[in-house]
Amino acid sequence: MFTTVLLIEKSLSAADVELLTTLHGDEPVSFHVLMQPRGRQDEFLRAVDDVAFGYLDRAAHERDEPHGAAAVDTAAAGLAHTLDGLRAAGAEATGRVVEENPLQDLKALVADVSADEVIVLAAPHWIEGLFHRDWASQARHKVGVPVLQLFAQQD
């Protein structure tokens, strides 16, 4: 069994699930998912990225994103959808919402489950990536296993 820790910021689309569950061919995969609620802390950077990609309508609505308890509830619903999708595709899947710094929980989880890899699946964050402040860049220095960054299917 191949063990993957998956760090996400929104529920996976069907295309995301297919990509993840076929990365290792026919080898069975166990996913341990950490979901970070989207919140006010990265609202500005998301808006800049939206503008850079030409998603002007999305940039204008970044302030409409839920925050606080509503963001946690939205993340929990997205996590449930993600786990259902992974299981329906034949993978084992567990997960939890991480409200604070996900990198601390990521490091602990990798050790706890003896993960073979970490996959960070998120929308492109070009500004954070440019300065190596994105999750994947930071995780590479903390977890001791390969870290793969994939971009989530855009809505």
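Up top is the structure.
Keep in mind that what you see is a predicted model, and the values were worked out from it rather than measured.

**Observations regarding the side chain of Ser30**
Take Ser30: it is sitting in strand β2 (residues 29-35). Apart from the residues lying within four places of it in its own chain, the contact partners of Ser30 are Met1, Phe2, Thr3, Thr4 and Glu92.

**Side note on the nonpolar core**
Leu6, Leu12, Leu20, Phe31, Val33, Leu86 and Leu121 are the most contacted members of the largest nonpolar core, which totals 20 residues. Elements that contribute at least two residues to this core include exactly β1 (2-8), α1 (14-22), β2, α4 (69-88) and β4 (117-122). Sequence-distant contacts of Leu121, that is, excluding residues within four places in its chain, are made with Leu6, Leu7, Ile8, Glu9, Leu12, Asp16, Leu20, Leu150, Phe151 and Ala152. Counting residues in hydrophobic clusters, the runner-up holds 17 residues, among them Val98, Leu106, Val143 and Val147.

**Notes on the environment of Ala93**
Tracing the backbone through its elements, the reader meets Ala93 in strand β3 (residues 92-97). Classification of Ala93 as buried rests on a relative accessible area of 8%. Residues Ala93 and Thr4, 89 residues apart in the sequence, show an inter-C-alpha distance of 9.6 Å. Discounting chain neighbours no more than four positions away, the residues touching Ala93 are Phe31, Leu83, Leu86 and Arg87.

**Brief notes about helix α5 (residues 102-113)**
In this model α5 runs 16 Å from its N-terminal to its C-terminal C-alpha over twelve residues, within 8% of the 16 Å that 1.5 Å per residue would give. Among all positions in α5, only Pro102, Leu103, Leu106, Leu109 and Val110 are buried. Taken around the axis of α5, the buried residues stretch over an arc of 120 degrees, which confines them to a single face. Of the exposed residues in α5, the ones pointing more than 90 degrees away from its buried face are Gln104, Ala111 and Asp112.

Calculation criteria
- Think of each chain on its own: its residues are numbered from 1, step by step along the sequence as written.
- The predicted origin of the model limits local features to residues at a pLDDT of at least 70 and limits the giving and counting of side-chain atom pairs to 80 or more, whereas totals for whole chains, interfaces and linings rest on all residues.
- The side-chain quantities take in all heavy atoms of the structure and omit both hydrogens and water.
- Counting from the N terminus, the helices are the DSSP runs of H or I reaching at least four residues and the strands are the DSSP runs of E reaching at least two.
- Every residue pair with non-hydrogen atoms within 4.5 Å of one another is taken to be in contact.
- Working definition of a nonpolar core: buried Ala, Val, Leu, Ile, Met, Phe, Trp, Tyr and Cys residues. They are joined through side-chain atoms within 4.5 Å.
- Only protein chains enter the area calculation, which uses a 1.4 Å probe; residues under 20% of their type maximum are buried, those over 50% are exposed, and those in between are partly exposed.
- Working rule for helices: expected span equals 1.5 Å times residues minus one.
- Working note: the arc is built from the helix axis to C-beta atom directions.

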